[in-house]
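So the chains spell out like this:
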Amino acid sequence: MGYADPRDAGYIASANQPHAAALAADYAHLAKQLERRGIRIDDVTRAVANFRVAIPSWGVGTGGTRFGRFPGVGEPRNVFEKLEDCAVIHKLTGATPTVSLHIPWDRTDDYEALRERGAALGLGFDAMNSNTFQDQPGQKQSYKHGSLTHTDAAVRAQAIAHNIECIEAGKALGSKALTVWIGDGANFPGQSNLARAFERYLESTRQIYAALPVDWRMFIEHKMYEPAFYATVIQDWGSSLMAAQSLGPKAFCLVDLGHHAPNVNIEMIVARLVHAQRLGGFHFNDSKYGDDDLDAGSIEPFRLFLVFNELVEAELAKAHAFSPAHMLDQSHNVTDPIESLMTSAIELQRAYAQALIVDRTALREHQSTNDVLMAAQTLKRGFTTDVTPILAQARVSRGAAIDPVAAYRASGYRAECGRNRPGKQSLGGGIV
């Protein structure tokens, strides 16, 4: 099979040509359906076309579990090659113009060159992510028993310095946010003083917060368990909110959809954080059992829709301090990471479009009159509507592909990477 650059506008146009007539017919048919509901399809399409989600740099490499990792063909060997893959995702979907880096996995000696390469590829840089949940070669202090909450002040100082390093790297790249996730906690009762550990967390993060530029935000990420299986220090949105409120107006809560107990009402958490004016953003993924980094929308698409329903509610209400950052956070163990990230970005747009076409007037009426069944059916009508033509038309308006996966596969990009990036790589990655 030959090779064509999937980032080339001419290639994308040629890939779209066989699908153009069918899309036009499907879009016109859906437009008539929505018109009967009082919805203008072009308004929805424009909103979807403007939706943006960041790609995690670590997501373009093959993930793994504690049992093993099976490297894919042509994996990127450094952060510059990661950008090449991220550019393919953005060109084919039109929805992912920024990349979120993870230090030290993406550390480089020349951040200015990295920023210039990103700009040449049409990419900017989203939130920086620190890593104090792993020990790195040559690291003086170990994080085995914690980092920002460690009982040893020297370990805490090292973790604080690392986060400040991430801020400095982000400043050079044009980033405007720092995401802090720690695996600190306890595996046994009595192992840790639960109250004091949280106090040490606040003491440490105050120093990191003080290093933030005036126009930056800090995203505090919570996770119920792993690697601490008895008591994680920042284990839920309550602890995250307490920390954010304690630190100051630049601190916000980050919601990772996979970091909750089964059946937790995540959309209600979103509503509460909007009310508290502390919703910083999301790490989008999906979860079934213990794996929290499955492809977005692959397991519970209705839950994803309900989360976006709350986001649309806040958007329409013009909620104060509402400017959530969107990022994918996934580990692709058995699929081509580029394909998974493209489909996940599209699933977010799908949930957004479905939420946008909910009849809000009817929903408000049914809620106010306590018509339970009709309220539920009105909401679900948005979810059950096939908005695929809207998503495809939104991509076309951005010069992206009608069928991104098909265009990607036909380009031969993965095979070309295999030729240019020989050998099995062991990239930084993990379930965070």
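As the structure is a computational prediction, the values presented were derived from the model and not from experiment.

**Comments concerning the nonpolar core**
Across soluble globular proteins, nonpolar side chains show a tendency to be buried alongside one another.
Okay, so step 1: The biggest cluster of nonpolar side chains holds 107 residues, and the ones touching the most others in it are Tyr201 and Phe308.
Okay, so step 2: Examining the composition of this core, we find that 10 residues originate from one element, helix 11 (residues 337-356), more than from any other.
Okay, so step 3: When neighbours within four sequence positions are excluded, Phe308 is seen to be in contact with Phe51, Phe284, Leu348, Ala351, Tyr352 and Ala355.
Okay, so step 4: Counting 6 residues, the second-largest nonpolar core is a separate cluster that includes Ala127, Phe219, Phe252 and Leu254.

**Focus on the pattern of salt bridges**
Okay, so step 1: Applying the stated rule across the entire model yields 25 salt bridges.
Okay, so step 2: The shortest N-O distance in the salt bridge between Arg196 and Glu203 comes to 3.2 Å.
Okay, so step 3: Glu203 gets classed as partly exposed once you look at its relative accessible area, which sits at 33%.
Okay, so step 4: Glu347 is the salt-bridge partner of Arg350, the closest N and O atoms lying 3.1 Å from each other. You can see Arg350 and its partner Glu347 sitting in helix 11, 3 residues apart, about one turn around the helix.
Okay, so step 5: One continuous salt-bridge network, built from bridges that share partners, spans Asp5, Arg7, Glu84 and Arg117.

**Side note on the packing of helix 11 against helix 14 (residues 388-397)**
Okay, so step 1: For the pair helix 11 and helix 14, the least separation of the axes is 10 Å and the interaxial angle reads 120°. One element, helix 11, and the other, helix 14, form an angle in the oblique class. You can see that helix 11 and helix 14 cross each other, and the crossing is right-handed. Listed contacts from helix 14 to Ile346, Gln349, Arg350 and Ala353 of helix 11 are Thr388, Leu391 and Arg395.
Okay, so step 2: Here the residues of the contact of helix 11 with helix 14 sort into 3 nonpolar, 2 polar and 2 charged.

Cut-off values and rules
- Residues numbered from 1 in each chain as written.
- Predicted model: local features only at pLDDT ≥ 70, side-chain atom pairs only at ≥ 80, totals over all residues.
- Heavy atoms only, no water.
- Core = buried A, V, L, I, M, F, W, Y, C linked by side-chain atoms within 4.5 Å.
- Buried < 20%, exposed > 50% of the residue type's maximum accessible area, 1.4 Å probe, protein only.
- Helix = DSSP H or I, 4+ residues; strand = E, 2+ residues; numbered from the N terminus.
- Contact = heavy atoms within 4.5 Å.
- Salt bridge = Lys/Arg side-chain N within 4 Å of Asp/Glu carboxyl O.
- Axes fitted to C-alpha atoms, helices over the stretch in contact; angles between N-to-C directions.
- Parallel < 35°, antiparallel > 145°, perpendicular 65-115°, else oblique.
- Left-handed = near helix turned anticlockwise from the far one by under 90°.
- Nonpolar A, V, L, I, M, F, W, Y, C, P; charged D, E, K, R; others polar.

The quantities given are spatial measurements derived from coordinates; they are silent on function.
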